[in-house]
Amino acid sequence: MAQPLAREVAEEVAKLNGVCIRPVALRRLDLVTGKDEIIDVPCGATLESKCPSCAKRNRQLRMAQCREGWHLTEEPVVSPDAATEEQRWLVEFRADMQARRDAAERAGEETQDWDAVLAGLDEEINAAGMRGKIVGRTAPKRIRSTRRRQDAPNLPKRKMASTTLGRTFEAVDGQVYRPSLFVTLTLPSYGKVRDGVPVDPETYDYQRAARDALHFSKLVDRFVQNLRRVAGYDVQYFATVEPQKRLAPHLHMAIRGTLPRAEVKQIAAATYHQVWWPQTNEVRFEGEHLPVWEEEAGYLDPDTGELLPTWDQALDDLDADAEPLHLIRFGDQVDAKGVLAGTPDSDQCIRYLSKYLTKSLGEGLDNPAQRHHTARFVEALRYEPCSPTCPNWLRYGVQPKGAKPGMTPGRCRSKAHKPEHLGYAGRRVLVSRKWSNKTLAEHKQDRRTWVLEALGQADEPTDPHRYVWRPVRPGDPDLAPVGMRLLRSVAERQRWRAHLRELETRASGQDLSATEEEGRAA
Ligand SMILES: [Zn+2]
Ligand SMILES: [Zn+2]
């Protein structure tokens, strides 16, 4: 009777101390010292699951990053080939992690924890602008006809200045003001909503809502492109994607520099994104009647035995008169307000921006009407193709890109279809490349140190052959009950804090508040 209670207490104590409450235990053999021990890896290190402590830590890092870039007074230092450099760094880091995973495999051990880390890195690599997975091939870019170009010609266009900073204004008393913007963008209405729930679920446009959520990140990209064109400088932003009560994603964006509010509204109104995918209005295969896989050929029509068009063929078949599968725009509710550096107002915005980072998109909506609404939304997403590789394409007679055996429509495992993501599988935080004034090397080092720390490793130059990592088998006699492990981590955390305080008292002229914040974040 007493034990589960003790564990709950340990969890509470761990949360209060910012210690991960869902640690993943890994065995680590140090080939140099011969030490073989169990290391608790914080769940946040997998970049997927995040307990309240890991989520909080992540939020604090993000707030620091947001604050750092918003009202910058000097151009950030960015080397010209920064993107490639970041990509190269990610790839090298991934190779490093892969080596460790392979070592674990060679030792005949399970690798799922390493695989989770690698999957997270693959996502980052894709987000860093590289197409496909490391091992995959990259396809040549498709040429679009002019009719399919998506720029908004009815917007004013200023001459581009090569700066990332906004204008400053000088007051009569000589003080210089550097106004910035806080913008909120929402999606259109899909039907009348009361308390976050459709008044009439039968007429609520779930299909449109689902497709808008799936393609939301593309619309945001277009908005930024248009914003830069109109503003006439290399506008930088820090944005977060959050759920509205009605489950549509919306966007809060801190923008460095300012534009007239009317122009921001004009840009939002003129921005759109067309999805040039094959049509899905005809369901060709469903239930038991599904395309059949044939080795070395692909998916065949079960009735005629004919090969279904591949993804590329299906795109080639879209003729000049084709309509886009989907057209997405923002709704009328555009909010833009000016914010001055260092004001309580700007702090408030930063807190607001990061408010939802500790929650998932579909969380915290719990009355029966909302549950019903969520279920309808997830159902609408079920057969909606989320990407070119989605198995749902088989339902509409097209082989998904990269088709492989075992694909079943309605069973796509991508995040977009899951209730906790509700169609939006993109990143929750979007930060432009020249946001903060850290050099790329510093950012890289931060990230590397953070991930390695989270993995319980000191950030020394890595010798991939030094450690052998293996998962801990259930029933391993060395694995203490989780409550005890949590308390141990708490003790370690407190020792570390005491050490930090000691350094603080020793150091003179240091920014104490900054150090404290780092301590809390850590
Ligand atoms: Zn955690
Ligand atoms: Zn899918």
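Described below are features of the structure shown in this document. Values in this document were obtained by computation on a predicted structure and should not be read as measured data. (Residues numbered from 1 in each chain as written. Chains lettered and ligands numbered in written order. Predicted model: local features only at pLDDT ≥ 70, side-chain atom pairs only at ≥ 80, totals over all residues. Heavy atoms only, no water.)

## Notes on the overall build of the protein chain
Counting its secondary structure elements, the protein chain contains 13 helices and 16 strands. Among the 522 residues that make up the protein chain, the fraction classed as buried is 44%. Residue pairs at least 24 apart in sequence account for 75% of intrachain contacts in the protein chain once pairs closer than 6 positions are excluded. Taken as a whole, the protein chain presents about 28,100 Å² of accessible surface, with 50% of it coming from carbon and sulfur. (Helix = DSSP H or I, 4+ residues; strand = E, 2+ residues; numbered from the N terminus. Buried < 20%, exposed > 50% of the residue type's maximum accessible area, 1.4 Å probe, protein only. Contact = heavy atoms within 4.5 Å. Areas by Shrake-Rupley, 256 points an atom, 1.4 Å probe, with all protein chains shown as cover.)

## So, the environment of Pro-409
Among the structural elements, Pro-409 can be located in the loop between helix H10 (368-382) and strand S15 (429-431). Given the relative accessible area of 9%, Pro-409 is considered buried. Distance from Pro-409 to Tyr-396, taken between C-alpha atoms, is 9.2 Å for residues 13 residues apart in sequence. Discounting residues that sit within four places of it in the chain, Pro-409 has contacts with Leu-290, Tyr-383, Pro-391, Asn-392, Leu-394 and Arg-395.

## Comments concerning the coordination of the zinc ion (ligand 2)
Around the zinc ion (ligand 2), the protein supplies Cys-386 (SG), Cys-390 (SG), Cys-412 (SG) and His-417 (NE2) as donor atoms, at distances of 2.1 to 2.3 Å. Around the zinc ion (ligand 2) sit 4 donor atoms; with metal-centred angles ranging over 102 to 114°, the donor geometry is tetrahedral. For Cys-412, a relative accessible area of 14% corresponds to the buried category. (Donors = N, O, S within 2.8 Å, 3.2 Å for Na, K, Ca; no water. Tetrahedral: all angles 85-135°; square planar, octahedral: opposite > 155°, others 65-115°.)

## Things to note about the pattern of salt bridges
When their charged atoms lie close together, side chains carrying opposite charge are able to pair. In the structure shown here, the tally under the stated rule is 16 salt bridges. The closest approach of N and O atoms between Arg-27 and Asp-476, which form a salt bridge, is 3.0 Å. Pair noted here: Arg-27 is in strand S1 (residues 24-30) and Asp-476 is in the loop between strand S16 (467-471) and helix H12 (482-506), with a separation of 449 residues, a long-range link. Asp-476 matches Arg-27 in its accessibility class, with the two residues each being buried. In this structure, the salt-bridge partner of Glu-37 is Arg-28, at a minimum N-O distance of 3.3 Å. Residue Arg-28 is classed as buried on the basis of its relative accessible area of 10%. Each of Arg-27, Asp-36, Asp-476 and Asp-478 takes part in one network of salt bridges that share partners. (Salt bridge = Lys/Arg side-chain N within 4 Å of Asp/Glu carboxyl O.)

## Focus: the sheet that holds strand S9 (residues 249-255)
The strand order S14-S5-S9-S8-S15 describes an open sheet built from 5 strands, whose pairing is antiparallel. Single-partner strands in this sheet number two, and they are strand S14 (334-340) and S15. Between one strand and the next, the sheet's axes are offset by a mean angle of 15°, whatever the strand orientation. In terms of strand pairing, strand S5 (residues 179-185) meets S14 through 7 bridges, oriented antiparallel. Among the inter-strand pairings, Leu-185 is bridged to a residue of S14, identified as Val-334. Where helix H7 (residues 261-270) meets the sheet, its contacts fall on S5 and S14, and the angle it forms with S14 comes to roughly 140°. (Pairing = 2+ DSSP bridges. Axes fitted to C-alpha atoms, helices over the stretch in contact; angles between N-to-C directions.)

## Some thoughts on helix H2 (residues 52-70)
Its 19 residues give H2 an end-to-end C-alpha distance of 27 Å, which sits within 8% of 27 Å, the value for a rise of 1.5 Å per residue. When H2 is considered as a whole, its buried residues turn out to be Ser-53, Cys-54, Ala-55, Arg-57, Asn-58, Met-63, Gln-65, Cys-66, Gly-69 and Trp-70. (Expected span 1.5 Å × (residues − 1).)

## A few points about H10
Between its first and last C-alpha atoms H10 spans 21 Å; for 15 residues at 1.5 Å apiece the expected length is 21 Å, and the two agree. Within H10, burial applies to Gln-370, His-373, Thr-374, Phe-377, Ala-380 and Leu-381. Taken end-on, H10 shows its buried residues confined to a sector of 120°, consistent with a single buried face. Along its buried surface, H10 packs onto strand S7 (197-198) and helix H5 (206-214). Where H10 begins, the side chain of Asn-367 points an oxygen toward the backbone nitrogen of Ala-369, at a separation of 3.1 Å. (Arc of directions from axis to C-beta. Polar contact = N/O pair within 3.5 Å; in protein donor to acceptor, adjacent residues only side chain to side chain.)

## Considerations on unusual backbone geometry
Residue Leu-247 is not a glycine yet carries a positive backbone phi of 85°. Mapped onto the fold, Leu-247 is located in the loop between strand S8 (237-243) and S9. Although it is not a glycine, Glu-296 sits at a positive phi angle of roughly 65°. By the secondary structure assignment, Glu-296 is in the loop between strand S11 (292-294) and strand S12 (298-300). The exposure class assigned to Glu-296 is exposed, which follows from its relative accessible area of 82%.

## Notes on the packing of helix H6 (residues 216-231) against H7
Contact geometry for H6 and H7: axes closest at 9 Å, N-to-C directions at 135°. Between H6 and H7, the angle is such that the two are oblique. Relative to H7, the crossing made by H6 is right-handed. Along the contact surface, H6 presents Phe-223, Asn-226, Leu-227 and Val-230, while H7 presents Glu-263, Val-264, Ile-267 and Ala-268. Broken down by class, the residue content of the contact of H6 with H7 amounts to 6 nonpolar, 1 polar and 1 charged. (Parallel < 35°, antiparallel > 145°, perpendicular 65-115°, else oblique. Left-handed = near helix turned anticlockwise from the far one by under 90°. Nonpolar A, V, L, I, M, F, W, Y, C, P; charged D, E, K, R; others polar.)

## Some details on a nonpolar patch on the surface
Judged by side-chain polarity, Phe-169, Tyr-177 and Leu-340 come together as a nonpolar surface patch covering roughly 230 Å² of accessible area. One can find Phe-169 in strand S3 (residues 169-170). Phe-169 gets classed as partly exposed once you look at its relative accessible area, which sits at 37%. (Patch = residues over 30% accessible without salt bridge, like charges linked within 9 Å, V, L, I, M, F, W, Y side chains within 5 Å.)

## Quick notes on the nonpolar core
In globular proteins that are soluble, nonpolar side chains generally tend to be buried together. Core analysis: the biggest nonpolar cluster contains 61 residues, and Phe-223 and Leu-251 have the highest contact counts within it. Considering each element in turn, this core owes the most residues, 8 residues, to H6. Setting aside its immediate chain neighbours within four residues, Phe-223 contacts Leu-185, Met-253, Val-264, Ile-267, Ala-268, Thr-271 and Phe-330. Counting 13 residues, the second largest nonpolar core, distinct from the first, contains Trp-70, Leu-353, Leu-357 and Val-429. (Core = buried A, V, L, I, M, F, W, Y, C linked by side-chain atoms within 4.5 Å.)

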